[in-house]
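Fold and geometry: a report
Below, each chain spelled out in residue letters.
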Amino acid sequence: MWRRVASLSPLVSSSKSRLLNQVQVAYGFNAWQMFSTQVLNPAEGGVSDSRRTPFVTFVLGGPGSGKGTQCTRIVETFGFTHLSAGDLLRREISSNSENGSMILSTIKEGKIVPSVVTVQLIQKAIETSDSNRFLIDGFPRTEENRIAYERVIGAEPDIVLFFDCPEEEMVKRVLNRNQGRIDDNIDTVKERLKVFAELNLPVIKHYSKKGKLYKIDGTGSEDEIFERVRPVFAALRYPVLL
Ligand SMILES: Nc1ncnc2c1ncn2[C@@H]1O[C@H](COP(=O)(O)OP(=O)(O)OP(=O)(O)O)[C@@H](O)[C@H]1O
Ligand SMILES: Nc1ccn([C@H]2C[C@H](O)[C@@H](COP(=O)(O)O)O2)c(=O)n1
Ligand SMILES: [Mg+2]
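Keep in mind it's a predicted model, so treat the numbers as computed, not measured.

Okay, the overall build of the chain next. A count of helical and extended segments in the chain gives 11 helices and five strands. Here the chain holds 242 residues, and 50% of them are scored as buried. Pairs at least 24 apart in sequence give 76% of the contacts found in the chain among residues at least 6 apart. Accessible surface for the chain amounts to roughly 12,200 Å². Of this, 51% is attributable to carbon and sulfur atoms.

This is the structure:
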């Protein structure tokens, strides 16, 4: 009944949030779950889980497959909140946080930042948002990412989009992107493609087996691709945020 809980935290103070995370670290179980059953039971005057749990979509695909571009279209049309894992990490670099230099060198090498860092950033972004529907773009990149998210958030995504695009096209798009990203160069792109094939494809397979995967042909124009995405979201029922 109380399937997904950590995302309920807009109603939970940040000190409570910190305490629950400490309990999780100390005892190795999801303290959000315990909190949820204690204070959110509708029979005790709480709000039901189904109405307060956000709808989460993971958006996956190789570098340059069009994840960010299509997320912008989904936000415009379906009112989702876009959380790009890469953007959250780049923001950490810009803000000179304690992990900034580690994140910078990891991204430069085309490798993956430790899950504990990325999951914490995503968790904080969800907790501080009033939204009830999220696109989590570029996450999870590895099985380790996936397991860490599910353990900390206490939930699986509702659906997963996978933009399937040939390597040649992805390389072309990345090298033409022109946004000043330190990883938009041929050497880093080659490494990112390798990491994608080795570490991200198993995650995609996992969600395919669970029946949560929507594989979208990522070739053609942005409009053409969005017309493949649109029916996925048009058919969904979202929770109402009270
Ligand atoms: N269908 C398309 N045809 C041509 N170019 C595209 C298409 N979709 C996106 N692009 C361009 O390709 C580049 C990469 O797209 P985008 O940033 O959306 O990819 P991404 O999957 O988010 O990549 P990354 O994982 O590196 O962040 C951008 O410059 C974007 O404008
Ligand atoms: N889950 C993630 C997401 C991103 N990163 C790092 C490594 C990526 O190459 C880089 C850029 O991400 P993008 O903007 O392409 O989604 O950020 C990571 O380590 N873990
Ligand atoms: Mg992107």
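The UniProt record annotates "binding site: a ribonucleoside 5'-phosphate" (unreviewed entry) at Arg-90, Lys-111, Ile-112, Val-113, Gly-138, Phe-139, Pro-140, Arg-141, Arg-181 and Arg-192. Mapped onto the secondary structure, Lys-111 falls in the loop between helix 6 (100-109) and helix 7 (115-127). If near-sequence neighbours (up to four positions away) are discounted, Lys-111 is found in contact with Thr-106 and Glu-191. Tracing the backbone shows Phe-139 in the loop between strand 3 (133-137) and helix 8 (143-153). Looking at Phe-139, the relative accessible area reads 0%, which means it is buried. For Phe-139, the residues in contact, after removing those within four places along its chain, are Phe-58, Val-59, Leu-60, Ala-85, Thr-118, Val-119, Ile-122, Asn-145 and Tyr-149.

By the burial criterion, the buried members of helix 9 (residues 167-175) are Met-170, Val-171 and Val-174. All buried residues of helix 9 fall inside an arc of 100 degrees around its axis, so they share one side. Residues of helix 9 that are buried in the fold lie against helix 10 (186-209).

With that out of the way, let us pick up the site of ligand 1. What surrounds ligand 1 is a group of 16 residues, the closest being Gly-64, Lys-67, Thr-69, Arg-177 and Gly-220. The separation between an oxygen atom of ligand 1 and a polar main-chain atom of Gly-66 is 3.0 Å. Within the contact set of ligand 1, a nitrogen atom lies 3.5 Å away from a backbone nitrogen or oxygen of Glu-222. In isolation ligand 1 exposes 640 Å². Once the protein is present, 79% of that is buried.

The next subject is the site of ligand 2. The immediate surroundings of ligand 2 are formed by 16 residues, with Arg-90, Val-113, Arg-141, Arg-181 and Arg-192 found nearest. A distance of 3.2 Å separates a nitrogen atom of ligand 2 from a polar backbone atom of Gly-138. Contact between ligand 2 and Asn-145: a nitrogen atom at 3.1 Å from a side-chain N or O atom of the residue. Taking 440 Å² as the accessible area of ligand 2 by itself, protein coverage stands at 96%. Per-element tally for the shell around ligand 2: the top contributor is helix 5 (residues 85-94), with four residues.

With parallel pairing, the five strands of this open sheet are ordered in space as 2-3-1-4-5. Every other strand in the sheet has two partners, leaving strand 2 (81-84) and strand 5 (213-217) as the edge strands with one partner each. Neighbouring strand axes in the sheet, compared pairwise and without regard to direction, differ in orientation by 20 degrees on average. Examined bridge by bridge, strand 1 (residues 55-61) and strand 3 share five bridges and lie parallel to one another.

Moving on, we come to the UniProt feature "binding site: ATP" (unreviewed entry) in the chain. Residues annotated by UniProt as "binding site: ATP" (unreviewed entry) correspond here to Gly-64, Ser-65, Gly-66, Lys-67, Gly-68, Thr-69, Arg-177 and Gly-220. Note on placement: Gly-64 falls in the loop between strand 1 and helix 4 (67-78). Of the residues examined, Gly-64 reaches a relative accessible area of 14% and is grouped as buried. Here Gly-64 is in contact with Met-170, Arg-173 and Val-174, once residues within four sequence places are set aside. For Ser-65, the location among the structural elements is in the loop between strand 1 and helix 4. Those residues in contact with Ser-65, other than ones at most four positions away along the chain, are Phe-163, Cys-165, Met-170, Arg-173 and Gly-218. Within the structure, the side chain of Ser-65 is placed 2.8 Å from the backbone oxygen of Gly-62, a separation counted as a polar contact.

The next subject is the nonpolar core. Note on soluble globular proteins: their nonpolar side chains tend to be buried together. With 30 residues, the main nonpolar core has Phe-58, Leu-89, Ile-122, Ile-126, Ile-136, Phe-139 and Tyr-149 as its most contacted residues. Elements with a minimum of two residues in this core: strand 1, helix 5, helix 6, helix 7, strand 3, helix 8, strand 4 (159-164) and helix 10. Among the elements that line this core, the one with the most residues is helix 7, at six residues. Counting residues in each nonpolar core, the second largest holds 17 residues, with Phe-55, Cys-71, Leu-135 and Leu-236 among its members.

Criteria and cut-off values
Residues numbered from 1 in each chain as written. Chains lettered and ligands numbered in written order. Predicted model: local features only at pLDDT ≥ 70, side-chain atom pairs only at ≥ 80, totals over all residues. Heavy atoms only, no water. Helix = DSSP H or I, 4+ residues; strand = E, 2+ residues; numbered from the N terminus. Buried < 20%, exposed > 50% of the residue type's maximum accessible area, 1.4 Å probe, protein only. Contact = heavy atoms within 4.5 Å. Areas by Shrake-Rupley, 256 points an atom, 1.4 Å probe, with all protein chains shown as cover. UniProt positions renumbered as here; feature names shortened; annotations may be inferred. Arc of directions from axis to C-beta. Near = heavy atom within 4 Å. Polar contact = N/O pair within 3.5 Å; in protein donor to acceptor, adjacent residues only side chain to side chain. Pairing = 2+ DSSP bridges. Axes fitted to C-alpha atoms, helices over the stretch in contact; angles between N-to-C directions. Core = buried A, V, L, I, M, F, W, Y, C linked by side-chain atoms within 4.5 Å.

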